[in-house]
Structures are given as C-alpha cells and as structure tokens.
Amino acid sequence: MKARHLIPLVSVFLCGNAMATETLELEIVTANGARYSASRELGETFESFDSGVIRGEAPPREYKAIRCDGPWGAIRYSLPLASGPGYQVRADGERLSLQIVEHAVISADRNIEAMKMHCIDTEPKQVVRSLLKVELDRGSRESRQVVLANGYRLVYRYTP
C-alpha cells in the first residue's frame, strides 16, 4: 500500500483593501410578510444594474390573455408575469443611486372571461413604480432600515 502525502491547507488573509469587494445587500419584507433578499457585488467598472423582480418563494402568477386574429379566430393563452419588489443601481462618479421599485401587473382576466361575442386583443401589462431613491457615497459604509409608504420594510447595507 502506497503512503499518501497529505498537503496541509493554508489560508491566506489579505489585510487592507487589496481584495475588498464593494457590496450592496438588500432585505425587503412586504406588508403580507413575504421576504425577498438580494446581494450585488459592484466593481470599479460598475455602471448600472436593474434586478427586475427579485425572485421570492412563489412562482410567477399566470395571467390570461387573448389574441383575436388567430387562424381559427380568438386564441386564449396564459402569460406568466412576476410581481413584487426590485431595485436599480446606477453609478455616477463617486456616488451610487439606489432606487427601490415595485413591479405590478395590471390584469385583464375579468374582461377576457366576459368576452363571448366580441373580441379585443387583451393581455396583462407589467408596470414599475418607484418607491424610494437613496444616494450613497462610494467609499462610505452605510446601513439603514426604512419603512416604505406601501408597507414594505427595507434594510440595506452598502460596504465599500
């Protein structure tokens, strides 16, 4: 039986900012208790990021849609659209702009169900509403908790 050589694992910790990563962490709790969290690393060349809807535990809801000019007349179909909180981050020199947004869906499900004789092309529309805008100084650590007008509770941490 051959002897195996064990190589010790060595961890090297660098001091200072040589390997520091600029990070933005968000935690959002909605009025009904749903929790969303996101983390984004930002580098020196970072310009902008749009998260879209932060994925939660529930899958996107299916909405009804109808197209009237199908080969056999009206065609009903489903369209999955997510709703919930999201964020946008933009770099502007030595500042970061953090915007918390809410993605919502304007549904036409009831109108589609009511269409029996007349057909109008109808599908749900996704809208984005701005809830909060925060200016952050790059290089200055910041952590804050904010309750938004729609009932969301936001906790954000920025680490340069």
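Just so it is clear, the structure is predicted and the values come from calculations on it, not from any experiment.

Points about the pairing of strand E6 (residues 84–92)
Note: strand E3 (residues 48–50) against E6, three bridges, orientation antiparallel. Following the sheet pairing, Ser48 is matched in E6 by Arg90. Both E6 and strand E7 (residues 95–106) contribute to a ladder of nine bridges, which runs antiparallel. Its bridge partner being in E7, Tyr87 is matched across the sheet by Ile100. Count of turn residues in the E6/E7 antiparallel hairpin: two residues, of which Gly93 carries a positive phi of about 65 degrees.

Remarks on the sheet that holds E3
Judged by pairing direction, the sheet is antiparallel, and its four strands sit side by side in the order E3-E6-E7-E8 without closing on themselves. Each edge of the open sheet is held by one strand with a lone partner, namely E3 and strand E8 (125–137). The sheet shows a mean angle of 20 degrees between the axes of neighbouring strands, taken without regard to direction.

About the criteria used
- Residues numbered from 1 in each chain as written.
- Predicted model: local features only at pLDDT ≥ 70, side-chain atom pairs only at ≥ 80, totals over all residues.
- Heavy atoms only, no water.
- Pairing = 2+ DSSP bridges.
- Helix = DSSP H or I, 4+ residues; strand = E, 2+ residues; numbered from the N terminus.
- Axes fitted to C-alpha atoms, helices over the stretch in contact; angles between N-to-C directions.

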